[in-house]
Amino acid sequence: MSLNLNDKFVKGCFDAKTAAEYAEKAKKALATTLAGTGEGSDFLGWVTLPEDYDKEEFARIKKAAAKIKSDSKYLVVIGIGGSYLGARSAIDFLPACKKGGVKVLFAGNNLSAEYINDIIEEIGDDDFSVNVISKSGTTTEPAVAFRIFKGLLEKKYGAKASERIYATTDKARGTLKELANKEGYESFVVPDNIGGRYSVLTAVGLLPIAVAGADIDAIMKGAATARKDYTSLPFEKNDCLRYAAYRNMLLGAGKQIEVLSSFEPSLCSFAEWFKQLYGESEGKDKKGIFPASVSFTTDLHSLGQYIQDGVRFLFETVIWVKNAASGLKVPFVEDNGDGLNFLAGKDVNEINEKAHLGTVLAHVDGGVPNIIITIDKRDEENYGRLVYFFELACAVSGYTLGVNPFNQPGVEDYKKNMFALMGKKGYEDRAAILTARLK
Ligand code: PA5
């Protein structure tokens, strides 16, 4: 397992004084994070989580995963934001989850009836279980989906439905916890001191990931190694701190958008997780880098044009997987009708790598600084390391920026409007104002 940050195509953007200033800021922000002296310090449980987790619950997660594997073809994971993005990022990234075990379907992350119907149709008459995940237990999207899937389970399995429902929520409070107690669902905990977007290494992520077939011990091992490295290495050798410092330096230089790119489609969901982590953590108080993502080479035929040639307010962070599995070579064709024989015999990965290197140089020449993060392969340990790398860098970057990286006050506004427009009790005044505005 390894992760390496290459700053060759970004460091030239800054003089030594600026670099030294931001190195100091990042070191200070790390110290603040580790000492728990910054804003939002009630939500630092993820910092020590890779070693300091509930071992009894971890064993129960594995047991529940084994049961689901034995009695279900599908697991419907119901949750939104931090309550599903982590699990999806791992399941889409890890080859172990592609081996034809239980298929994990994600619901409750939108309010589209058609989306829910598609899932119901896909499950058909097959056996399924549900993992409902909500820290607050009151979020509308998962609550609506849970009612529907709970109803389907009850129709199919009668009194035994509750044996197929797994609730991941607060350890003591909230409607979901109360329901779980009342109906006897097996429950898992979202710790009080870990916010949704930092919760992938708790039961929130680990149960669905284990059900999908991944080795969750190895994920924790990768995260634990990352924690050891990034909380102790000196700045010059600490890729996590260097990344956080570069982000803030780039923002200071007018680069307001970070484009996370990769050349492996299996990282698309990881990019969604990254966008939530950084968007919710830093985008507040009228500050923050806007996190975006692209998947190459696909998007080189789409957003690549803008990255190369549009407004110069972007920088790019590339995740490159060095030893992607292949064995696929371009065949030789006698008549060379498509003119492709110059590639004959070459591994497809080698072509992908040349596309990566050519793209980096083109974008740098076009005025887009590039940070390159290389991991050695797609496996559980590398996934755990990547998760911890981005989580810690996010806290350090947020504190360097001067925001509380652990709250999300902006998420409330749409919810209040939606409740008012749906006629929820207590929202009558807001409903009158909004309805008038919509006329
Ligand atoms: O990161 C966060 O805290 C949010 O994205 C939450 O995960 C999201 O809003 C879902 O909340 P809950 O788990 O309470 O349903």
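(A) Region of interest: the pairing of strand S8 (residues 290-295). Taken across its 6 residues, S8 has 5 buried, putting it largely inside the fold. Here strand S7 (residues 257-262) pairs with S8 via 6 bridges, running parallel. The residue of S8 that forms the bridge with Glu-258 is Pro-291. For the crossover that starts at S7, traverses helix H11 (residues 268-282) and ends in the parallel S8, the hand is right-handed.

(B) Spotlight on the side chain of Thr-139. Here Thr-139 is to be found in the loop between strand S4 (128-134) and helix H6 (140-157). Residues in contact with Thr-139, not counting those within four places in the same chain, are Ile-80 and Ser-134.

(C) Main features of helix H15 (residues 412-421). Regarding H15, the residues found buried are Lys-415, Met-418, Phe-419 and Ala-420. Looking at the buried positions of H15, the neighbouring elements they touch are H6 and helix H16 (428-438).

(D) Here's a closer look at the site of the ligand. Lining the immediate environment of the ligand, one finds 13 residues, of which Ser-83, Ser-134, Ser-136, Thr-139 and Gln-276 sit closest. Thr-139 places a polar side-chain atom, nitrogen or oxygen, 2.5 Å from an oxygen atom of the ligand. The separation between an oxygen atom of the ligand and a polar main-chain atom of Gly-196 is 3.4 Å. Expressed as a share of its isolated accessible area of 390 Å², the protein-covered part of the ligand is 88%. When the residues that make up the shell around the ligand are grouped by side-chain class, the tally is 1 nonpolar, 9 polar and 3 charged.

(E) The arrangement of the packing of helix H5 (residues 113-123) against H6 in detail. One way to put it is that H5 packs onto H6 with a least axis distance of 11 Å and a crossing angle of 25°. Accordingly, the angle class assigned to the pair H5 and H6 is roughly parallel. Handedness of the crossing formed by H5 with H6: right-handed. Contact residues: H5 offers Ile-116, Ile-119, Ile-120 and Ile-123, while H6 offers Ile-148, Phe-149 and Leu-152. Across the contact of H5 with H6, the residue classes tally to 7 nonpolar, no polar and no charged.

(F) Structural detail: the nonpolar core. Core analysis: the biggest nonpolar cluster contains 96 residues, and Trp-46 and Phe-390 have the highest contact counts within it. It is helix H14 (residues 380-401) that contributes the most residues to this core, 13 residues altogether. Setting aside chain neighbours within four positions, we find Trp-46 in contact with Thr-33, Asn-193, Ile-194, Tyr-198, Tyr-388, Glu-391, Leu-392, Ala-395 and Phe-406. One finds Tyr-74, Ile-123, Ala-145 and Phe-149 within the second-largest nonpolar core, a separate group that totals 22 residues.

(G) Structural detail: unusual backbone geometry. Residue Thr-297 is bonded to the preceding Phe-296 through a cis peptide linkage, with omega at 10°. By the secondary structure assignment, Thr-297 is in the loop between S8 and helix H12 (304-309). The backbone phi angle of Asp-285 is positive, close to 55°, even though this residue is not glycine. With respect to the helices and strands, the residue Asp-285 is situated in the loop between H11 and S8. Positive phi outside glycine occurs at Lys-286, with the angle close to 60°. As for its position among the elements, Lys-286 is in the loop between H11 and S8.

(H) Quick peek at the sheet that holds strand S6 (residues 186-189). Taken in spatial order, the 5 strands make up an open sheet running S3-S2-S4-S5-S6, and their pairing is parallel. Each edge of the sheet is formed by a strand with only one pairing partner; in this case those strands are strand S3 (103-107) and S6. Sheet twist, expressed as the average angle between the axes of neighbouring strands with direction ignored, equals 20°. Looking at chain direction, strand S2 (residues 74-78) and S4 are connected through 5 bridges and run parallel. Residue Tyr-74 lies in a different strand from S4, and its bridge partner there is Phe-128.

(I) Just a nonpolar patch on the surface, in detail. On the surface, Leu-111, Val-144 and Ile-148 cluster together into a nonpolar patch covering about 220 Å² of accessible area. Locating Ile-148 in the fold gives a position in helix H6. The class for Ile-148 is partly exposed, based on a relative accessible area of 33%.

(J) Summary view of the sheet that holds S7. The strand order across the open sheet built from 5 strands is S1-S10-S9-S7-S8, with neighbouring strands paired in mixed fashion. Looking at the sheet topology across the chains shown, the edges are occupied by strand S1 (3-6) and S8. Ignoring strand direction, the axes of neighbouring strands in this sheet form an average angle of 20°. Docked against the sheet, helix H10 (residues 239-252) engages S1, S7, strand S9 (314-321) and strand S10 (370-375), running at close to 35° with respect to S1.

(K) Fine view of the pattern of salt bridges. Overall, the coordinates contain 27 salt bridges when judged by the stated rule. Across the salt bridge formed by Asp-71 and Arg-164, the nearest N and O atoms sit 3.8 Å from each other. Linking Asp-71 in helix H3 (residues 55-71) with Arg-164 in the loop between H6 and strand S5 (165-169), this pair joins segments that are 93 residues apart in sequence. Each member of the pair, Asp-71 as well as Arg-164, is classed as buried. Of the charged contacts, one joins Lys-150 and Glu-154 as a salt bridge, the two residues approaching to 3.1 Å between their closest N and O atoms. Note that Lys-150 and Glu-154 are positioned in helix H6 at a spacing of 4 residues, about one turn of the helix. We classify Glu-154 as partly exposed; its relative accessible area is 34%.

Each value, and the rule that gives it
- Residues numbered from 1 in each chain as written.
- Predicted model: local features only at pLDDT ≥ 70, side-chain atom pairs only at ≥ 80, totals over all residues.
- Heavy atoms only, no water.
- Buried < 20%, exposed > 50% of the residue type's maximum accessible area, 1.4 Å probe, protein only.
- Helix = DSSP H or I, 4+ residues; strand = E, 2+ residues; numbered from the N terminus.
- Pairing = 2+ DSSP bridges.
- Right-handed = clockwise from strand over helix to strand, strands pointing away.
- Contact = heavy atoms within 4.5 Å.
- Near = heavy atom within 4 Å.
- Polar contact = N/O pair within 3.5 Å; in protein donor to acceptor, adjacent residues only side chain to side chain.
- Areas by Shrake-Rupley, 256 points an atom, 1.4 Å probe, with all protein chains shown as cover.
- Nonpolar A, V, L, I, M, F, W, Y, C, P; charged D, E, K, R; others polar.
- Axes fitted to C-alpha atoms, helices over the stretch in contact; angles between N-to-C directions.
- Parallel < 35°, antiparallel > 145°, perpendicular 65-115°, else oblique.
- Left-handed = near helix turned anticlockwise from the far one by under 90°.
- Core = buried A, V, L, I, M, F, W, Y, C linked by side-chain atoms within 4.5 Å.
- Patch = residues over 30% accessible without salt bridge, like charges linked within 9 Å, V, L, I, M, F, W, Y side chains within 5 Å.
- Salt bridge = Lys/Arg side-chain N within 4 Å of Asp/Glu carboxyl O.

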